[in-house]
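Listed here are the chains, written in short residue letters.
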Amino acid sequence: MRGRRTLAVRGTGTRRRLFGGVLGTALTVHAAPALAQRAPRADGLSDYVGWVDVPRYFPETEHNVDGDFLPYFWHGGGPDTFGFPLTEEFWTAPDEGAPAGRMVQYFQRARLEYDLGEAQVHRSLLGRLLEKEQPAVPPAPGVRYFLETGHNVGSSFLVHFENAGGRKVLGLPISEEVEENGRPVQWFERARLEWWPENPAGRRVQYGLIGEAHLNEVEQQVPLEARRPAAPLPPVRDWSLPAVPPAPRVAWAPRDVPILYYHQVPSQQPLREQIQAFREAGREIVPLSRVVATLRAEPGADLPEKPLVLTFDDGWVSQIQNAAPVLQAEKAPATFFVITRYLGELPGYMSWDQVRTIKELGHEVESHTQNHPDLDRLYDDDEGAALAEIWESLAVLERRLGRSRRIFAYPNGRLNQAVTSLTARVYQAAVATGGGTFQSQQHLYTMRRIKAEPHYKPEALLKLMG
Ligand SMILES: [Zn+2]
């Protein structure tokens, strides 16, 4: 049932969700472009598509709410407005207005319906389906008259009607205020409002149990598998990632390539002295991508006798203030690993314009995830969230800055086998921490790096380089 619904509606593109965040951070859900609009792009960015559906299970009635119904349910007021789900979602049989049937779900106080044409959710016309229309009446004074159906809405019902979104949400009034079961109610095309004076202020207008009432009428037409109590549905995820990088074709003899990683650069002079000392010791500073190309045995790639790589993590603003001028003066290339969601958002981090400047100065700007989680732990909690951190940061980075070298840095050096496998699906290589200089093809996704700070003695760092 779920598969059929999902298949049919996915084709419209409306149920697709791009990741905008992960566990522990605000999950921004973007409407993704329709499939037809996702033609391949020249910059290769069309290869990033991902979505996730995380159903919500209600133990109260043992049913799931999923897909587009779920945000509609919460935004519309949750159980107070709709009650709990009484069925799973399902396709109805074709009817006059819907030759393909309707995707619906019964709640205690409404039936929700996915409109394929408008690609949106709304309440079904249960007032009409339950045949609650009354004949039109003349306008009454002091209330609002709806010419289309010839009914008046006033007082608390009118206030509630307008606050709830008016006719677009509840439909037109199809009755006057009438008494049912000893209390004033009014029927609308899509709801029944009820007056509960005994309730606290703000809760005196309630939605009637019309979903339940209609379900009782049509129960035999509802598929059994939608009616019977359900188990919690697992999340559904799908990914479309960039092409897997080809495996290196030629075995490459492991060798020592020291890769330093810095964070804050509080002033210029210590870094300048380090770089000059490295050069005096015969070190030639090369971009990280050149090491990766050599490790991957790409044609023409090679390394000098005593190479050295400089990397800067996290995207601190002190890096453009103090590292960039030194690197420029010393003509030293470097690789910057940035946390894409921190840029321009958190104090102390570079803006996207500053990062673009870094790249225009000839340095490499590469991904260090969206939010800097410990990926091994995140993977255990939610492997989809971990994958989103790994690949979405690349998509964001390349959308902002154009193609990168597709080299990744694990936050805090935290990784496991699963995390490196996910990384290898998207990136050319990845760097870890932990020291050491021995780089090999087998460790393309766990390249070693040596921790460095500008205030370290150059001789101490040179010693670690072997
Ligand atoms: Zn970091």
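Keep in mind that what you see is a predicted model, and the values were worked out from it rather than measured.

### Digging into the overall build of the chain
Of regular secondary structure, the chain possesses 16 helices and 26 strands. Looking at the chain as a whole, 37% of its 466 residues qualify as buried. A sequence separation of at least 24 residues applies to 61% of the contacts in the chain between residues at least 6 apart.

### Re the sheet that holds strand β14 (residues 192-195)
Spatial strand order, β12-β13-β14-β15: 4 strands in an open sheet with antiparallel pairing. In the strand order of this sheet, the two ends are held by β12 (173-180) and β15 (205-207), each with one partner. On average, each strand axis in the sheet is tilted by 25 degrees relative to the strand beside it, whichever way the strands run. Two strands pair when backbone bridges link them, and β14 and β15 are joined in this way by 3 bridges, in the antiparallel orientation. Counted as the bridge partner of E194 is Q206 from β15.

### Focus on unusual backbone geometry
In this structure, N181 is a non-glycine residue whose phi angle is positive, near 50 degrees. Locating N181 in the fold gives a position in the loop between β12 and β13 (183-188). Notably, R406 is not glycine yet its phi reads approximately 60 degrees, a positive angle. Along the chain, the position of R406 falls in the loop between α14 (383-401) and β23 (407-409). On the basis of neighbour counts, which here come to 19 C-beta atoms within 10 Å, the residue R406 falls in the partly exposed class.

### A short note on the pairing of strand β8 (residues 111-115)
Along β8, 4 of the 5 residues are buried, which leaves the element largely enclosed by surrounding structure. Pairing of strand β7 (residues 103-106) with β8, which is carried by 4 bridges, proceeds in the antiparallel orientation. Within the sheet, the bridge partner assigned to M103 lies in β8 and is Y114. Between β7 and β8, which pair antiparallel and follow one another directly, the connecting turn spans 4 residues.

### Considerations on the packing of helix α11 (residues 317-329) against helix α12 (residues 352-360)
Orientation of α11 relative to α12, taken along the N-to-C sense of each, is 35 degrees, at an axis distance of 10 Å. Where α11 crosses over α12, the two elements pack in a sense that is left-handed. Residues V317, I320 and A324 of α11 lie in contact with α12, whose contacting residues are Q354, T357 and I358.

### Re the pairing of strand β20 (residues 307-314)
Within β20, 8 of the 8 residues are buried, leaving the element largely enclosed by the surrounding structure. Sheet topology note: the strand β18 (residues 259-262)/β20 ladder contains 4 bridges and is parallel. Directly across from Y261, in β20, lies its bridge partner T311. Strand direction decides the pairing type here: strand β19 (residues 284-285) and β20, joined by 2 bridges, are parallel. Residue pairing for β20: I285 is matched across the bridge by L308. With 4 bridges joining them, β20 and strand β21 (residues 335-338) adopt parallel strand pairing. Paired with D313 across the bridge in β21 is F337.

### Examining the nonpolar core
Counting residues in hydrophobic clusters, the biggest one holds 69 residues, and the most contacted among them are I259, L260, V309, A386, I407, A429 and A430. By residue number, the principal contributor to this core is α14, which donates 10 residues. The residues contacting A386, other than those within four sequence positions of it, are L375, L378, Y379, V419 and L422.

### Describing the sheet that holds strand β6 (residues 90-91)
The strand order across the open sheet built from 4 strands is β6-β7-β8-β9, with neighbouring strands paired in antiparallel fashion. Every other strand in the sheet has two partners, leaving β6 and β9 (120-123) as the edge strands with one partner each.

### What about helix α7 (residues 210-218)?
Of all the residues in α7, the buried ones are I210, G211 and L215. Buried positions in α7, seen along its axis, are confined to an arc of 135 degrees and lie on one side of it. Seen from the open side of α7, the exposed residues pointing more than 90 degrees away from its buried face are N216 and E217. In this fold, the buried residues of α7 make contact with β7, β8, α4 (126-129) and β14.

### Quick word on the environment of E177
Assignment of secondary structure puts E177 in strand β12. A C-alpha to C-alpha distance of 9.9 Å links E177 and W195, two positions 18 residues apart in sequence. Non-local contacts of E177, meaning those with residues more than four positions away in its chain, are made with F157, P184 and Q186.

### Examining the confidence of the model for the chain
Here the chain averages 86 in pLDDT, while 86% of its residues score no lower than 70. Between residues 1-46, whose pLDDT stays under 50, and residues either more than four places distant or in other chains, the model counts 66 contacts.

### Description of α11
End to end, α11 covers 18 Å across 13 residues, agreeing with the expected 18 Å (1.5 Å per residue, within 8%). If you look at α11, its biggest bend is around 40 degrees, right at A323, and the proline P325 turns up within four residues after that. Buried residues in α11 make contact with α9 (269-280), β20, β21 and α12. Two residues or fewer after α11 comes K331, characterised by a positive phi angle close to 50 degrees.

Rules of the game
Position numbers for residues count from 1 along each chain, tracking the sequence in the order it is written. Thresholds applied to this predicted model are a pLDDT of at least 70 for local features of residues and 80 or more for the giving and counting of side-chain atom pairs; totals over whole chains, interfaces and linings are not thresholded and use all residues. Under the scheme used here, helices are H or I runs from DSSP no shorter than 4 residues and strands are E runs no shorter than 2 residues, and both carry numbers assigned from the N terminus. The exposure scheme places C-beta atoms from the backbone and then counts, for each residue, the other C-beta atoms within 10 Å of its own, assigning buried at 20 or more, exposed at 12 or fewer, and partly exposed in between. Placing C-beta atoms from the backbone, we regard two residues as in contact once those atoms come within 7 Å. Think of it this way: DSSP has to see at least two bridges between two strands before they count as a pair. Only C-alpha atoms enter the line fits that serve as axes; for helices the fit covers just the stretch in contact. Angles between N-to-C directions range over 0 to 180 degrees. It is the rotation of the near helix from the far one that decides the hand of a crossing: anticlockwise by less than a right angle makes it left-handed, clockwise makes it right-handed. A set of buried Ala, Val, Leu, Ile, Met, Phe, Trp, Tyr and Cys residues, joined through C-beta atoms within 7 Å, is what we mean by a nonpolar core. The directions considered for the arc are those from the helix axis to the C-beta atoms. The quantity called pLDDT is the predictor's confidence in a given residue, expressed from 0 to 100. The span expected for a helix works out to 1.5 Å for each residue beyond the first. A residue's bend is simply the angle between two axes: one fitted to the seven residues ending at it, one to the seven starting at it.

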